[in-house]
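So the chains spell out like this:
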Amino acid sequence: MDEMEEELKCPVCGSFFREPIILPCTHNICQACARNILVQTPDAESPQSSRASGSGVSDYDYLDLDKMSLYSEADSGYGSYGGFVSTPTTPCQKSPNGVRVFPPTVPQPPPQHHLLQHPGSLPPIPRNSCITCPQCHRSLILDDRGLRGFPKNRVLEGVVDRYQQSKAAALKCQLCEKSPKEATVMCEQCDVFYCEPCRLRCHPPRGPLAKHRLVPPAQGRISRRASPRKTSTCTEHELENMSMYCVQCKMPVCYQCLEEGKHGTHEVKALGAMWKLHKGQLSQALNGLSDRATEAKEFLVQLKNMVQHIQENGVEFEACLVAQCDALIDALNRRKAQLLSRVNKEHEHKLKVVRDQISHCTVKLRQTTGLMEYCLEVIKENDPSGFLQISDALIRRVHMTESQWGKGTLTPRMTSDFDLTLDSGPLLQTIHQLDFVQMKVPAAPMLQLEECCTQNNSATLSWKQPPLSTVAVDGYILELDDGGGGQFREVYVGTETICTVDGLHFNSTYRSRVKAFNASGVGQYSKTLIMQTSETGLPPCDMQSLGSVAWFTFDPASAHPDIIFSNDNLTVTCNSYDDRVVTANSAFSRGVHYWEMTVDRYDNHPDPAFGVARADVLKDVMLGKDDKAWAMYVDNNRSWFMHNNSHTNRTDGGIGKGATIGVLLDFTRGILIFLVNDEQQGPVAFEALEGVYYPAISLNRNVQVTLHTGLPVPDFYTPGEADPNGSVC
């Protein structure tokens, strides 16, 4: 419960919330604190009056202002409060697009002498008042209702009360005349707390009092404060109870809102049903967050054990180093201090990294636990409308907190081993050059099974170094057997971590393995991977005419976050107006490959780009803008080839809905050719292509395409050696 305390404190006063209200940004603030931070803005003309008077502000500016708003009247239910604007610190301040943000000029009421006001009343909120959220720093201009326009967070108020009760001092007897003793029981019928002597004297267990029910003080305090479920009233119509829930605006409403207000045409549901639904959603979200918290606790134990191991290994390493140095002559003793200093630095570095990670994870876990406890207390509330006022925000916070415990957060940043080896072999005359040397060969690579595949008579293998491996790697050696259980042979030596091997036998089982090497030597082999090539129905005489047929999909793991996938990752579109890049999950380095993409949707004449790219291609610009991609971009009338932002070979003929774009990649000639609706588009697009390439496209939200793979090379094309004349047929 202690970790939940920060959730229950006002960001302005730092104390527990008192009469909290909910701002449109879903943050909470004490009503008194909200009054204290109000700022009166100068009178200025509103955007509406500026538009009516024909000022220089364009409709485009107002459109941008609407995009800047966190909530709009149509989708939030908070439109009547005003719009979010920049903090009005100067007269006539404008938003970044130049639109005025202050309300219309209104006549100021005549000043009233403060002595005429009621002594206990609060001063009225001045017109054109602005309040800025102390957490997200978004500003809001209040309407005529002032702070009354914001709903009260009764759920949070109830949680604060319960928390303060749990921390309160022990209850005292109500009948002790001097120095009240601690109460031991409470009578539910008498509604009085008794200490033991007063109970025996004033509440004997006989006669009519024998039927009274005595309970522990804590239980009695809860029952005393228990009250029927509060009925919420509408902020728009204060005499009406909120009994329905507007799905579009995501807020409780009353019947009068449905009959007269802006919710009349919106979809509404029963308040109780939505209360139960959102409680279930919050509970489900908490389950996932609870799992993350459990993993974090286990991870902290792992890190703390690692600290102990580092300390033990450090002590052991120092002892070994001292023993070796003591065996040397005086010159070695002078060098010993320097070596110990390096070991101590390594020791402290490892401890610092792990302790920093412990501190960071502890803070995050405390915040997560506090949020969980707060959410659990919120779920206990029996106020549907109050709960629904904060449930969406809590669910988002829970999901956001869970995402922060994502991949890599619960992985140690440091190993407990010391990768240092002291070489004591040199002769006495070389003792002044004594230093730590790296004498470890690389660890065995790990095959990435999810990226390894076979297509017809080709095999693609991918691998990586083990996590936390600090040993340098100069390259890799990939070996395959002969497909019949024979000897392994080297098929690739280099620095790449993915390789496609073509020309294998059909319907054969190949064993593959990979090892790494550096200056110290060659490391161990990875685990052996067994791969089966495809069967073929072609007779032996047709084997030479068979092209490299490949099946692949788009890769969500490497795509830009704005890309939207469907149809088992064969269909893609985008949720951004800007071009975003997505590549395939397979790469090619040899052979002849052909694939097609059909245009499922084509709106507003965009210009998608199709082609091939390296693995490190930029994902937030059009394909071909950098030197990592070779592409053709095409609109509804014409096309261009583009590489490294150089546009060439404009060709008439565009695309539309239902069009088919073909891409032909021939490594035997080192060329790339594009087709539109089964016709070659322009000349050979690119030549001298070597290395590893991924099929790739770039598109925006106006385009949707579907990928088709496993296609044979088009009939018009004859694979073979490069033609110096540039002919492809």
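Rules behind the numbers
Residues numbered from 1 in each chain as written. Predicted model: local features only at pLDDT ≥ 70, side-chain atom pairs only at ≥ 80, totals over all residues. Heavy atoms only, no water. Axes fitted to C-alpha atoms, helices over the stretch in contact; angles between N-to-C directions. Helix = DSSP H or I, 4+ residues; strand = E, 2+ residues; numbered from the N terminus. Parallel < 35°, antiparallel > 145°, perpendicular 65-115°, else oblique. Left-handed = near helix turned anticlockwise from the far one by under 90°. Contact = heavy atoms within 4.5 Å. Disulfide = S-S within 2.5 Å. Buried < 20%, exposed > 50% of the residue type's maximum accessible area, 1.4 Å probe, protein only. Pairing = 2+ DSSP bridges. Salt bridge = Lys/Arg side-chain N within 4 Å of Asp/Glu carboxyl O.

Details of the packing of helix 9 (residues 271-326) against helix 11 (residues 384-404)
At step 1: Contact pair helix 9 / helix 11: the axes reach a minimum separation of 9 Å and the direction vectors enclose 25 degrees. What the angle tells us is that helix 9 and helix 11 run roughly parallel. At the point where helix 9 passes helix 11, the crossing takes the left-handed sense. Taking contact as the criterion, the partners of Leu271, Met274, Trp275, His278, Lys279, Gln281, Leu282, Ala285, Leu286, Gly288, Leu289 and Arg292 in helix 9 are, on helix 11, Pro384, Ser385, Phe387, Leu388, Ser391, Asp392, Leu394, Ile395, Val398, His399, Thr401 and Glu402.

Observations regarding the state of the cysteines
At step 1: Taken as a whole and judged by the stated rule, the model has zero disulfides.
At step 2: No disulfide involves Cys173; its sulfur sits 3.6 Å from that of Cys176, the nearest cysteine.
At step 3: Looking at Cys173, the relative accessible area reads 5%, which means it is buried.

Considering the sheet that holds strand 22 (residues 563-566)
At step 1: The seven strands are arranged 22-23-34-25-30-31-32 in an open sheet whose pairing can be described as antiparallel. Strands at the two margins of the open sheet, each flanked by one partner only, are strand 22 and strand 32 (679-680).
At step 2: Sheet topology places strand 31 (residues 671-676) next to strand 32; two bridges connect them, and they run antiparallel. The residue of strand 32 that forms the bridge with Leu675 is Gln680.

Some remarks on the pattern of salt bridges
Charged atoms that come close allow side chains of opposite charge to pair.
At step 1: In this structure the tally under the stated criterion is 15 salt bridges.
At step 2: For Glu196, the salt bridge goes to Arg199, with nearest N and O atoms at 2.6 Å. With Glu196 and Arg199 both in helix 6 (residues 196-202), this residue pair falls three residues apart, about one helical turn.
At step 3: The class for Glu196 is partly exposed, based on a relative accessible area of 33%.
At step 4: Between Asp562 and Arg580 there is a salt bridge, with its nearest N and O atoms 3.0 Å apart. Within this pair, whereas Asp562 is found in the loop between strand 21 (529-532) and strand 22, its partner Arg580 is found in strand 24 (residues 580-583), the two being separated by 18 residues in sequence.
At step 5: Residues joined by salt bridges that share partners form a network here, namely Glu479, Arg513 and Lys515.

Points about the side chain of His347
At step 1: Here His347 is to be found in helix 10 (residues 330-380).
At step 2: Accessibility expressed as a relative area gives 12% for His347, which makes it buried.

Remarks on the sheet that holds strand 28 (residues 638-643)
At step 1: A sheet is described by the order of its strands in space; here six strands give the open sequence 24-33-26-27-28-29, paired in antiparallel fashion. Each end of this open sheet is capped by a strand with a single partner; those strands are strand 24 and strand 29 (646-652). With strand direction ignored, the average angle separating the axes of adjacent strands in the sheet is 20 degrees.
At step 2: Bridge analysis of strand 26 (residues 609-613) against strand 27 (residues 629-634) gives five bridges, and the strand direction is antiparallel. The partner of Ala613 across the bridge, within strand 27, is Ala629.

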